[in-house]
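# A structural walkthrough
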Amino acid sequence: MKKTPLILSALFFAGSQGAFAQDIFDNPDNRAYLGVRLGLDISCPADVKSGPVSFDLYNPGAGFEAGAVYNIPVWKNLYFEPGLMLYYSTMKTDVTIISPELSPVSATSSARRFGFRVPLRAGYRFDFEPVSVSVFTGPRLTLPLVGRMHTSVKTGYETASKSENLYGDGSELKRVDLGWQFGAGVSFGQWMFEISGTVGMLDMYKGTPSMHESGVDLTVGYNF
């Protein structure tokens, strides 16, 4: 008879441990929800390549993105999360030409872009109460609305500036981009923080040179 309480305690402990493990990988409280997001966007253009020649033309630039996602449970803690984001991003280049016959020529260009991004991510959530950890991956489509290239050229004591459409006729860059995103996030209650990287999948140059644009995002959000 004395063993009965011990057996019951052991069964209760084993059952509670099983339920705890089940909640981590299969939380019965999973539901679809809407979330808002605000992030720091860091563009990281790769080197420009032309045949065997590769050179670092564009420097990393900073911007932001803001929008909403809709998280849809699929199976256990597996989810699908489409979103729609507004973004503003920049990238910069500095070129200096020194010739014995001519005065030094320096040119500074800044590309500034504004438009939409459509992430389509699949992820898995690990629910450790009160914190949840998630990992995710999926494609991200970028659809610019406006893009301008601002250039300043300095020759000796003279400076000339111009601004042109980044995606107009005769421009070098393509408008639409597609990247593959991957990352991880942490949620505490209804607040969340995530870090993600995106690898550019398309060549962004129209002509002979080639360049793929990647990036890093630091994002905070609130889930309703």
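Just above, that's the structure.
Please read these numbers as outputs of a predicted model, since none were measured by experiment.

## Re a nonpolar patch on the surface
- A contiguous nonpolar surface patch, about 690 Å² in accessible area, is contributed by Leu84, Leu86, Phe114, Phe116, Leu141, Leu143, Leu145, Val146 and Val176.
- Sorting elements by how many residues they give to the nonpolar patch places strand S7 (residues 131–155) first, with four residues.

## Here's the deal with the environment of Leu38
- Mapped onto the fold, Leu38 is located in strand S1 (residues 33–45).
- In sequence terms Leu38 and Met85 are 47 residues apart; their C-alpha atoms lie 9.0 Å from each other.
- In this structure, Leu38 is in contact with Glu65, Ala66, Leu218, Thr219 and Val220, ignoring residues within four places of it in sequence.

## Considering the packing of aromatic side chains
- Taken as a whole and judged by the stated rule, the model has five aromatic pairs.
- Both rings, one in Tyr222 and one in Phe224, keep their centres 5.2 Å apart while their planes meet at 75 degrees; by these two values the pair is edge-to-face.
- Members of the aromatic cluster, connected to one another through ring pairs, are Phe25, Tyr124 and Phe126.
- The aromatic ring of Tyr87 is capped on one face by Arg117, whose charged end is 4.2 Å from the ring centroid.
- For Arg121, the ring lying beneath its charged end belongs to Phe136, and the centroid distance is 3.8 Å.

## Description of the pairing of strand S6 (residues 105–128)
- Pairing geometry for S6 and S7, over 22 bridges, is antiparallel. In the strand pairing of S7, Tyr124 is matched with Val135.
- Where S6 folds back onto S7 in an antiparallel hairpin, the turn is made up of two residues.

## Quick word on the pattern of salt bridges
- One pass over the structure, following the stated rule, counts eight salt bridges.
- The shortest N-O distance in the salt bridge between Arg117 and Asp41 comes to 2.8 Å. Here Arg117 is found in strand S6, whereas its partner Asp41 is found in strand S1, with 76 residues between them in sequence.
- Judged by relative accessible area, which is 6%, Arg117 ranks as buried.

Cut-offs applied
- Residues numbered from 1 in each chain as written.
- Predicted model: local features only at pLDDT ≥ 70, side-chain atom pairs only at ≥ 80, totals over all residues.
- Heavy atoms only, no water.
- Patch = residues over 30% accessible without salt bridge, like charges linked within 9 Å, V, L, I, M, F, W, Y side chains within 5 Å.
- Areas by Shrake-Rupley, 256 points an atom, 1.4 Å probe, with all protein chains shown as cover.
- Salt bridge = Lys/Arg side-chain N within 4 Å of Asp/Glu carboxyl O.
- Helix = DSSP H or I, 4+ residues; strand = E, 2+ residues; numbered from the N terminus.
- Contact = heavy atoms within 4.5 Å.
- Phe/Tyr/Trp six-rings, centres within 6.5 Å; stacked < 30°, edge-to-face > 60°.
- Lys NZ or Arg CZ within 6 Å of the ring centre and 35° of its normal.
- Pairing = 2+ DSSP bridges.
- Buried < 20%, exposed > 50% of the residue type's maximum accessible area, 1.4 Å probe, protein only.

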